[in-house]
Amino acid sequence: MRQIYQKYQGYFPAAFFIGGFLFDILTTDRIDQAFSLIQQFVYLVFLLIFVYWEVVTPQIFLKENGFFAKLWKWHVEILHFLFGSLLSLYTIFYFKSTSLMTSFAFMFFLAGLLIINELPQVQKRGIMIRSALLALCLSSYFIYLVPVLTGEIGSLPFLFAMAISMAVYYLLCTRIHRKKGDLRWVQKNLLLPGLFIQITFVVLYAVKLLPPVPISLKFIGIYHEIQKPDDRYVLSYERDWWRLWQSGAQTFIKREGDSVHCFVSIFSPTQFSDQLRLVWYYSTQQGWSRRDAIPLPIKGGRDQGYRGYAYKSNFEEGDWQVRVLTSDEREVGRISFEVVPASPSTQRVWRQDFY
């Protein structure tokens, strides 16, 4: 086993990283799971303790041949294991809660940190990198914990979450300053990296690039008609048999009297109650022109997501888009479709989906 490890040890970090990320994908379900929230809280507590110990380094860790001294040799690996686990969870949650068309910058930022966290050069860099990662994990956790507990999203829950994460981080810096006594060192290695991360979150929120966790879009599709005879929706549409990649009728064949329906399924935590908007855009020579914004109240708790729809009866041929926006104008998801005229000689053949 030792010979095999020495031969392939260069591949082990990547293998464990990919394996851990896949494990999180397979085992992580709801963002509001009590076990998951508690697990992340425990990880954050350990990270705070380890970062604090790394700076002040109690004497018990320095005694030669002592148990704690031997254990302390592995503290960097433990730190990065905890960081890797949390960052992979946050990447999954934020990926589910956003449209990559509008929030790709934030997604690449998180994905980049996942990769950077595994680089030996970064792991040896020391406290500056780890303090930035700690600030990132604190902010990411509280940004969706507060909406889960309060049942709503918006500017006030976001600012409250940022205030909590900043307070916890500042408390850590204060404790370290009391022990170390070097204010300039604390400012350079702790305060500035943490402040940079937290300002980045505020800027991303201000420009609508921060994903609207804990809400996520489970499904969206375009249909000709929607009915609900019982507990399920019957979604009717006309589509060529070979357009299997489309959600409903994204090539919408328009006939006289038709209405275009947009059906969505939105996941939100238990006890969550808020209002989204289905905003309709039409493509013109000057770009996307906003036409309608239809409110959609949602309630949380259903694993398959809260189902609802909006429709338009007055629409023209051409390229359209429906964007699902939160009350603070952040995008949950979108779908594009094209309205084309029907051929007079073509008979309509209905297809149906059940949701």
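What follows deals with the overall build of the protein. The number of helices and strands found in the protein is 10 helices and 11 strands. Scored against the burial criterion, the 355 residues of the protein give a buried share of 47%. Nonlocal contacts in the protein, meaning residues at least 24 apart in sequence, comprise 75% of its contacts between residues at least 6 apart. For the protein, the computed accessible surface area is about 19200 Å², with 60% contributed by carbon and sulfur atoms.

Before going further, it helps to spend a moment on the sheet that holds strand β7 (residues 287-299). Strand pairing within a sheet occurs via backbone hydrogen bonds; the two strands may be parallel or antiparallel. Spatial strand order, β4-β10-β9-β6-β7: five strands in an open sheet with mixed pairing. Both edges of this open sheet fall to β4 (251-254) and β7, since each of them pairs with a single strand only. Each neighbouring strand pair of the sheet contributes to a mean axis angle of 25 degrees, computed without reference to strand direction.

Next up on the list: the packing of aromatic side chains. Tallying each qualifying case throughout the model produces 17 aromatic pairs. The interplanar angle of 65 degrees and the centroid separation of 6.0 Å between the aromatic rings of Phe 50 and Trp 53 together place this pair among those described as edge-to-face. Highlighted residues: Phe 50 and Trp 53, both in helix α3 (residues 34-56), separated by three residues, approximately one helical turn. Judged by centre distance (5.5 Å) and plane angle (80 degrees), the ring pair of Phe 93 and Tyr 144 falls under edge-to-face. Taken as a pair, Phe 93 in helix α5 (residues 75-96) and Tyr 144 in helix α8 (residues 127-150) lie far apart in primary sequence, 51 residues in all. With relative accessibility at 2%, the residue Phe 93 sits in the buried group. Three or more aromatic residues link up through ring pairs in this structure, and these residues are Tyr 90, Phe 93, Tyr 141, Phe 142 and Tyr 144. Taking the ring centre of Trp 185 as reference, the NZ or CZ of Lys 180 above it sits at 4.6 Å. Here the basic side chain of Lys 208 rests over the ring of Tyr 205, its NZ or CZ set 6.0 Å away from the ring centre.

Moving on: the packing of α3 against α8. Relative to each other, α3 and α8 sit at 155 degrees, their axes nearing to 11 Å. The angle between α3 and α8 places the two elements in the roughly antiparallel class. α8 is crossed by α3, and the crossing has left-handed handedness. Mapping the contact onto sequence places Leu 37, Gln 40, Phe 41, Leu 44, Leu 47, Leu 48, Val 51, Glu 54 and Val 55 in α3 and Ile 127, Arg 130, Leu 134, Cys 137, Leu 138, Tyr 141, Tyr 144, Leu 145 and Val 148 in α8.

Before going further, it helps to examine the environment of Phe 41. By the element assignment, Phe 41 lies in helix α3. Residue classification places Phe 41 among the partly exposed positions, given a relative accessible area of 45%. Each C-alpha atom of the pair Phe 41 and Leu 86 lies 10.0 Å from the other, and the pair is 45 residues apart in sequence.

On to the nonpolar core. A general tendency of soluble globular proteins is for nonpolar side chains to be buried together. In this structure, Leu 134, Ile 143 and Tyr 144 are the most contacted members of the largest nonpolar core, which totals 51 residues. Counting residues per element, the ones that place at least two in this core are α3, α5, α8, α9 (155-180) and α10 (183-206). In contact with Tyr 144, other than residues within four places in its own chain, are Ile 31, Leu 37, Gln 40, Tyr 90, Phe 93, Tyr 94, Val 213 and Pro 214. Membership of the second largest hydrophobic core comes to 32 residues, among which are Tyr 223, Tyr 233, Ala 249 and Ile 298.

This part takes up unusual backbone geometry. Going from Val 213 to Pro 214, the amide bond is cis rather than trans, its omega being 10 degrees. In the Ramachandran plot, Lys 208 falls in the positive-phi region, its phi being about 65 degrees despite a non-glycine side chain. When you line up the elements, Lys 208 lands in the loop between α10 and β1 (216-223). A relative accessible area of 34% means that Lys 208 is categorised as partly exposed. One non-glycine residue, Gln 271, lies in the positive phi region at around 70 degrees. Mapped onto the elements, Gln 271 comes out in the loop between β5 (260-267) and β6 (273-284).

Reading across the sheet, the three strands line up as β1-β5-β8 and stay open at both edges, with antiparallel pairing between neighbours. Taken across any chain shown, the strands that pair with only one partner, and hence form the sheet edges, are β1 and β8 (306-312). Each strand axis lies, on average, 20 degrees off the axis of its neighbour in the sheet, ignoring direction. Bridge count for β1 against β5 is seven bridges, and the pairing is antiparallel. If you follow Tyr 223 over to β5, its bridge partner there is His 261.

How each quantity is defined
Residues numbered from 1 in each chain as written. Predicted model: local features only at pLDDT ≥ 70, side-chain atom pairs only at ≥ 80, totals over all residues. Heavy atoms only, no water. Helix = DSSP H or I, 4+ residues; strand = E, 2+ residues; numbered from the N terminus. Buried < 20%, exposed > 50% of the residue type's maximum accessible area, 1.4 Å probe, protein only. Contact = heavy atoms within 4.5 Å. Areas by Shrake-Rupley, 256 points an atom, 1.4 Å probe, with all protein chains shown as cover. Pairing = 2+ DSSP bridges. Axes fitted to C-alpha atoms, helices over the stretch in contact; angles between N-to-C directions. Phe/Tyr/Trp six-rings, centres within 6.5 Å; stacked < 30°, edge-to-face > 60°. Lys NZ or Arg CZ within 6 Å of the ring centre and 35° of its normal. Parallel < 35°, antiparallel > 145°, perpendicular 65-115°, else oblique. Left-handed = near helix turned anticlockwise from the far one by under 90°. Core = buried A, V, L, I, M, F, W, Y, C linked by side-chain atoms within 4.5 Å.

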